[in-house]
Amino acid sequence: MRRSLQGALVAGAVLVSAGCAAQDSGEGTGASEPRTIKAVSGCGQGSWTDPADLAADRAPARCAKGTPAPQPLTERRKLTIATGTLSAEYVAPLQVAVTKGEFKKEGLDVTLKVLPTPDALPLLAKGDIDAQWAAPEAAVINGVNSGFDIKWVAGNFSPDPESRSGLWVRLKDGESASHVPMADRKLGTMIGKGSVIAYPMSQALKKHGGGLDKVQFQALGSADVLTALQNGGVDSAWLLDPVWRKVDGDDRYAFLGGQPAGEPLGGMLFGPNLLTDDVDAGVALLRAYIRTVNTYFTDDYKKDPAFVAELAKLMKTDRTVLESTPSLRMDWEIRAGTTNRLQSAYRAAGVSEGDPLPESRLVDRALYGEAVGHRP
């Protein structure tokens, strides 16, 4: 089941050459045999949305509560999912799936292991871990470009329209939110140029005469970003939930933009173990994740005080902090063209390697499609 890195790279090359015609749209799967897609009770028309729909108010795909129903594997499987953190809200569906036994219902014993993306990536490619809860960052795309058999197989979330997590700037005399020249300003962030945030950051900067190649980046720790913005150490900063609440409403600062509404920028990455060696387990994993979203994370899940208390305990955070920001729009789908836009931002930031990759090399929607009974 586990293969050497060399074997993974060879298999990935064969897979690409043999299957690219069937995967140009990102709909295909790495399985060698065609998969049988069956209708899934509780997952009707709303369980799949057009990937090309980028509307900010797009309703995310949903099935009925408790669906898709479990389909236990004939033999139990132990799976390891790497994640950069367990304290972020976007990881909560995985933690809830573990604590509520949703993975176990599928015959899966899932371990969540905290690993930074650079450390987890080669392990995923070698088959030493089975999946990664991350994003198609520059390191991931560069790895695929070098031969790694890795694909983005499910989304995670998009922000609530009321969220102001994103790029904030300290205004100078005569400036306003509609006119802030950003060229040559110093931008503080704990997120490097190779992060998926480069894409929305690039969009926000371009509206104000900046660009990833026109600002000065300063790497800061998570606890230092806000302080540097407030004391003048940097001119602007990318503030995450719930830090942006500290400057929201203060006329000395302006919000310039955040992650596009309705467009997830991360989620589940699969390596060869679940893409080709055991696709049944891969579908089962996504089925449990999707069922968890449909059961616990629909609409404004923070309206349920008991559930908020449960989340706060899982995330090891203060309940009032969790309640200070809007609910995320949990979304297992992947929008069309996201990886193209990400790669464009990485090239502008000077962190991409090799030629741009087509979506079919980076995205596979077939596994979550099978989980909800969608026929391409």
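What you see is a predicted model; the values in this text were computed from it and never measured.

1. Structural notes on the overall build of the protein chain
From N to C terminus, the protein chain includes 13 helices and twelve strands. Computed over C-alpha atoms, the radius of gyration of the protein chain comes to 21 Å, within 12% of the 21 Å expected from 2.2 N^0.38 for 376 residues, which places it in the range of a compact globule. Taking the principal axes of its C-alpha atoms as reference, the protein chain extends roughly 65 × 50 × 35 Å. Among the 376 residues that make up the protein chain, the fraction classed as buried is 54%. For the protein chain, the proportion of contacts with a sequence separation of at least 24, taken over those separated by at least 6, is 82%. About 15,800 Å² of surface is accessible on the protein chain, with carbon and sulfur atoms providing 51% of the total. Counting 42 positive and 45 negative side-chain charges, the protein chain places the centres of these two groups 2 Å from one another.

2. Some thoughts on helix α11 (residues 338–349)
Here α11 is twelve residues long and its end C-alpha atoms lie 17 Å apart, about the 16 Å a rise of 1.5 Å per residue gives. On its buried side, α11 packs onto α4 (138–145), β4 (151–155), α5 (198–206) and α12 (359–362). The first or second residue beyond α11 is Gly350, which carries a positive phi of 75°.

3. Overview of the environment of Gly282
Within the secondary structure, Gly282 sits in helix α8 (residues 279–296). Judged by relative accessible area, which is 0%, Gly282 ranks as buried. Gly282 sits eleven residues away from Gly271 along the chain, and the two C-alpha atoms are 9.9 Å apart. Gly282 has contacts with Phe270 and Leu274, leaving out every residue within four places of it along the chain.

4. Brief notes about the packing of aromatic side chains
Within this structure, the stated rule accounts for eight aromatic pairs. Centre to centre, the rings of Trp133 and Tyr289 are 5.3 Å apart; their planes meet at 80°, and the pair counts as edge-to-face. Here Trp133, found in strand β3 (residues 131–134), pairs with Tyr289, found in helix α8; they are 156 residues apart in sequence, far enough to count as distant. Taking relative accessible area as the criterion, Trp133 reaches 2% and is therefore assigned buried. Geometrically, the ring pair formed by Trp168 and Phe255 is tilted, given 5.4 Å between the ring centres and 45° between the ring planes. Here the residue Trp168 occupies a position in strand β6 (residues 166–170), and Phe255 occupies one in strand β10 (residues 253–258), the gap between them amounting to 87 residues. When its relative accessible area of 1% is taken as the criterion, Trp168 is described as buried.

5. Notes on the pattern of salt bridges
Throughout the structure, instances matching the rule amount to 23 salt bridges. Between Arg245 and Asp248 there is a salt bridge, and its shortest N-O distance comes to 3.9 Å. Where Glu323 meets Arg319, a salt bridge forms, and the shortest distance between an N and an O atom there is 3.2 Å. Here Glu323 pairs with Arg319, and both are found in helix α10 (residues 319–323), just four residues apart, close to one helical turn.

6. Digging into the sheet that holds strand β1 (residues 77–83)
Across the sheet, five strands lie side by side as β2-β1-β3-β11-β4; this open sheet has mixed pairing. With one partner strand each, in any of the chains shown, β2 (108–114) and β4 form the two edges of the open sheet. Here the strands of the sheet are splayed against their neighbours by 30° on average, with no regard to which way each runs. Sheet topology note: the β4/strand β11 (residues 267–270) ladder contains four bridges and is antiparallel. Pairing of Trp152 across the sheet is with Leu269, part of β11. Across the sheet, helix α3 (residues 117–126) is in contact with β1, β3 and β11; its angle to β3 comes to roughly 155°. α8 contacts β1, β2, β3, β4 and β11 of the sheet and is inclined by roughly 175° relative to β11.

7. Focus: the pairing of β2
Direction of pairing for β1 relative to β2: parallel, over a ladder of seven bridges. Counterpart to Thr83 in the pairing with β2 is Val114. Read as a crossover between parallel neighbours, the route from β1 over helix α2 (residues 92–99) to β2 is right-handed.

8. What about the packing of α2 against helix α9 (residues 305–315)?
Running from N to C, α2 and α9 cross one another at 100°; their axes reach a closest spacing of 10 Å. Relative to α9, α2 is oriented roughly perpendicular. Listed contacts from α9 to Ala92, Gln95, Val96 and Thr99 of α2 are Phe307, Leu311, Leu314 and Met315. In terms of residue class, the contact of α2 with α9 is made up of six nonpolar, two polar and no charged.

So, how was this worked out
- Residues numbered from 1 in each chain as written.
- Predicted model: local features only at pLDDT ≥ 70, side-chain atom pairs only at ≥ 80, totals over all residues.
- Heavy atoms only, no water.
- Helix = DSSP H or I, 4+ residues; strand = E, 2+ residues; numbered from the N terminus.
- Rg over C-alpha atoms; globule rule 2.2 N^0.38 Å.
- Buried < 20%, exposed > 50% of the residue type's maximum accessible area, 1.4 Å probe, protein only.
- Contact = heavy atoms within 4.5 Å.
- Areas by Shrake-Rupley, 256 points an atom, 1.4 Å probe, with all protein chains shown as cover.
- Lys, Arg positive; Asp, Glu negative; His and termini not counted.
- Charge placed at Lys NZ, Arg CZ, Asp CG, Glu CD.
- Expected span 1.5 Å × (residues − 1).
- Phe/Tyr/Trp six-rings, centres within 6.5 Å; stacked < 30°, edge-to-face > 60°.
- Salt bridge = Lys/Arg side-chain N within 4 Å of Asp/Glu carboxyl O.
- Pairing = 2+ DSSP bridges.
- Axes fitted to C-alpha atoms, helices over the stretch in contact; angles between N-to-C directions.
- Right-handed = clockwise from strand over helix to strand, strands pointing away.
- Parallel < 35°, antiparallel > 145°, perpendicular 65-115°, else oblique.
- Nonpolar A, V, L, I, M, F, W, Y, C, P; charged D, E, K, R; others polar.

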